[in-house]
Amino acid sequence: MRAACGCVASLSASSPPKAGDPLMAATNVEVWQRGIVRESREIATGIRLIVLEQESPKRAAPGTHIDLWVSVDGEPVRRSYSVVSTSDDDRLLSLSVLLVPNSRGGSIAMHALNVGDEVRMTQPLQNFPLRVGATKYVLVAGGIGVTAIVNMARVLKSLNADYRVLYAGRTREAMAYLNELQELHGDRLEVFVDAENNFIPVEALVNSLDLNTELYMCGPIRLMDFVRRTWLASSLDYPNLRYETFGNSGWFDPEEFIVRVPSLGIETTVGAGRSMLEALEDAGAELMYDCRKGECGLCEVRILALEGTIDHRDVFYSEHQHDVAVKMSCCVSRAVTSATGSRADAPPGSALAVVTIEV
Ligand code: FES
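This structure is a prediction, so every number in the text was calculated from the model and none was measured.

The rules we used
- Residues numbered from 1 in each chain as written.
- Predicted model: local features only at pLDDT ≥ 70, side-chain atom pairs only at ≥ 80, totals over all residues.
- Helix = DSSP H or I, 4+ residues; strand = E, 2+ residues; numbered from the N terminus.
- Buried ≥ 20, exposed ≤ 12 C-beta atoms within 10 Å, placed from the backbone.
- Pairing = 2+ DSSP bridges.
- Axes fitted to C-alpha atoms, helices over the stretch in contact; angles between N-to-C directions.
- Core = buried A, V, L, I, M, F, W, Y, C linked by C-beta atoms within 7 Å.
- Domains from an automatic or database assignment.
- Contact = placed C-beta atoms within 7 Å.
- Right-handed = clockwise from strand over helix to strand, strands pointing away.
- Parallel < 35°, antiparallel > 145°, perpendicular 65-115°, else oblique.
- Nonpolar A, V, L, I, M, F, W, Y, C, P; charged D, E, K, R; others polar.

**Q** What is the right way to read the overall build of the protein chain from this model?
**A** Within the protein chain, the secondary structure is distributed over seven helices and 20 strands. Classification of the 359 residues of the protein chain by burial places 44% in the buried group.

If you want it as structure tokens, here you go:
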């Protein structure tokens, strides 16, 4: 699942929607278009604001993202980024991208974009719609996950809704949009900073909610997993918990590993900057997928053998299913060498992790 600049004009709020407003509807028809980079600048530690001009302008409702193609290791790869805001005329979309050197490489390519560069991008797509009409809302943002939350909070304020925003980050300098959120939301914003030993009290938060509250969250897998498990252990209704993942936030640093598919005669190496799904597609496998973010479960593969540990990065399977490691979401989950997930902790000279699967 967005921040501020000389282009703050591009962050202006949309006109307040009403319940049933079609802007809130899920729109997942992919319409590809040309985008031009109109602005790129750092707005927090390691985070760049990138403003794209749409060739065919379309309003970005809260929770929307765009997909675009970037080049990673010379290969075109598709990445998704939340839309933080649109200009009043819908022409400009603002994204914010965290540089993650050890990730799949999309962020490096995004940070290298210059003003005037062209990209191939979709119009805004919706996988994380904000439902208008709940009695209360809680928005939880962790790190760059705030990009999926900024616009929701803005719309809830414009609707005079009963809402809270909980925003957690490593340091204040690394928290994009912090000042803007504080200005706009005042006491409705609660800030949690790791460096200040101040963490979101997940259990107290979830256990304080009533059945009429909807919680929307976007953040690192550890935070989202904790919230999800706490929610499942409570008496709250599961449909009232809504979340969006980054698709590249794992328990361990990504490393190169080998995937084998005996039934297709495939053995290929998955680079640290690519997903297992992408590597299998490159090797000629035809796999089903939808979200490519570890949410829908459509890309499930069965694990036949494993040398190493699975770094489950999805939010589709239960904790038990992760523990038994019989299946994995190949769009986001990976294999790592050692039980700690760190190559440094792997036995000296150990080979790459190997996962043998059935598709
Ligand atoms: S494609 Fe949705 S979980 Fe992998």
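**Q** I keep staring at the sheet that holds strand S15 (residues 266-270) and nothing clicks. Help me out?
**A** Across the sheet, which stays open at both edges, the five strands sit in the order S15-S14-S20-S16-S18 with mixed pairing between neighbours. Pairing within the sheet leaves two strands with one partner each, and these edge strands are S15 and strand S18 (327-329). Strand-to-strand twist of the sheet, defined as the mean angle between neighbouring strand axes without regard to direction, takes the value 35°. Relative to S18, strand S16 (residues 300-307) runs antiparallel, the two sharing three bridges. Residue pairing in the sheet places Val301 in a bridge with Met328 of S18.

**Q** Please explain the nonpolar core as it appears in this structure.
**A** Within soluble globular proteins, side chains that are nonpolar tend to cluster in buried spots. Ranked by internal contacts, the top residues of the largest apolar core, which has 62 residues, are Leu139, Val140, Ile149, Ala153, Val165 and Tyr216. Residues from two domains meet in this core; each of domain 1 (8-125) and domain 2 (136-244) gives at least three. Those residues within four positions of Tyr216 in sequence are excluded, and the remaining contacts are Leu130, Tyr137, Leu139, Ile149, Met152, Arg242 and Tyr243. With 19 residues, the next largest nonpolar core counts Leu280, Cys331, Val355 and Ile357 among its residues.

**Q** What's the story with the environment of Val315 in this structure? I'm lost.
**A** Structurally, Val315 can be placed in the loop between strand S17 (309-311) and helix H7 (319-324). On the neighbour-count criterion, Val315 (19 C-beta atoms within 10 Å) is partly exposed. Sequence spacing of Val315 and Cys296 is 19 residues, and the spatial spacing of their C-alpha atoms is 8.5 Å. With residues near it in sequence (within four places) discarded, Val315 still touches Met224, Arg228, Tyr243, Thr245, Gly294 and Glu295.

**Q** I tried to follow the pairing of strand S13 (residues 241-244) on my own but got confused; where do I start?
**A** It is a general feature of regular strands that their side chains alternate between the two faces of the sheet. Inspection of the sheet shows strand S12 (residues 213-218) paired to S13 by four bridges, in the parallel sense. If you follow Cys218 over to S13, its bridge partner there is Glu244. Note that the unit made of S12, helix H5 (residues 221-233) and S13 has a crossover that is right-handed.

**Q** Is there a simple way to think about the pairing of strand S1 (residues 32-44) in this case?
**A** Pairing geometry for S1 and strand S7 (residues 118-122), over five bridges, is antiparallel. Bridge pairing links Gly35 to Val119 in S7. One ladder, built from eight bridges, connects S1 with strand S2 (residues 47-54); its direction is antiparallel. Bridge pairing in S2 links Gly35 to Gln54.

**Q** How should the packing of helix H2 (residues 150-158) against helix H3 (residues 178-185) be read in this particular structure?
**A** Geometrically, a packed helix pair is captured by the angle between its two axes and the distance between the axes. It is at 11 Å that the axes of H2 and H3 come closest, and there the two elements cross at 10°. Considering the angle they form, H2 stands roughly parallel to H3. Touching Ala153, Arg154 and Lys157 of H2 are Leu181, Leu184 and His185, all from H3. In terms of residue class, the contact of H2 with H3 is built from three nonpolar, one polar and two charged.

**Q** Help me understand the sheet that holds strand S11 (residues 189-193) in this model?
**A** In a beta sheet, neighbouring strands pair by backbone hydrogen bonds and run either parallel or antiparallel. Taken together, the five strands give an open sheet; going across it, the order is S11-S10-S9-S12-S13, and neighbouring strands pair in parallel fashion. If you trace the sheet from one side to the other, it starts and ends with S11 and S13, each paired once. Neighbour to neighbour, the strand axes of the sheet diverge by 15° on average, direction disregarded. Inspection of the sheet shows strand S10 (residues 163-169) paired to S11 by five bridges, in the parallel sense. Residue pairing for S11: Tyr167 is matched across the bridge by Val191. Those strands touched by H3 are S10 and S11, and its axis lies near 150° from that of S11.

**Q** Before we go on, may I ask you to explain unusual backbone geometry in this structure?
**A** What is expected of a backbone is that most residues other than glycine have negative phi and most peptide bonds are trans. A positive phi angle is found at Asp90, which is not glycine, with a value near 70°. On the secondary structure map, Asp90 appears in the loop between strand S5 (85-86) and strand S6 (92-98). A count of 16 C-beta atoms within 10 Å places Asp90 in the partly exposed class. For Asn160, which is not a glycine, the phi torsion comes out positive at approximately 60°. Along the chain, the position of Asn160 falls in the loop between H2 and S10. Exposure remark for Asn160: the 8 C-beta atoms within 10 Å place this residue in the exposed category.

**Q** Any chance you could explain the environment of Met175 here in plain terms?
**A** Its location among the elements puts Met175 in the loop between S10 and H3. Sequence separation between Met175 and Gly142 is 33 residues, and the spatial gap between their C-alpha atoms is 9.0 Å. In contact with Met175, not counting residues within four places along its chain, are Ala44, Tyr167 and Gly169.

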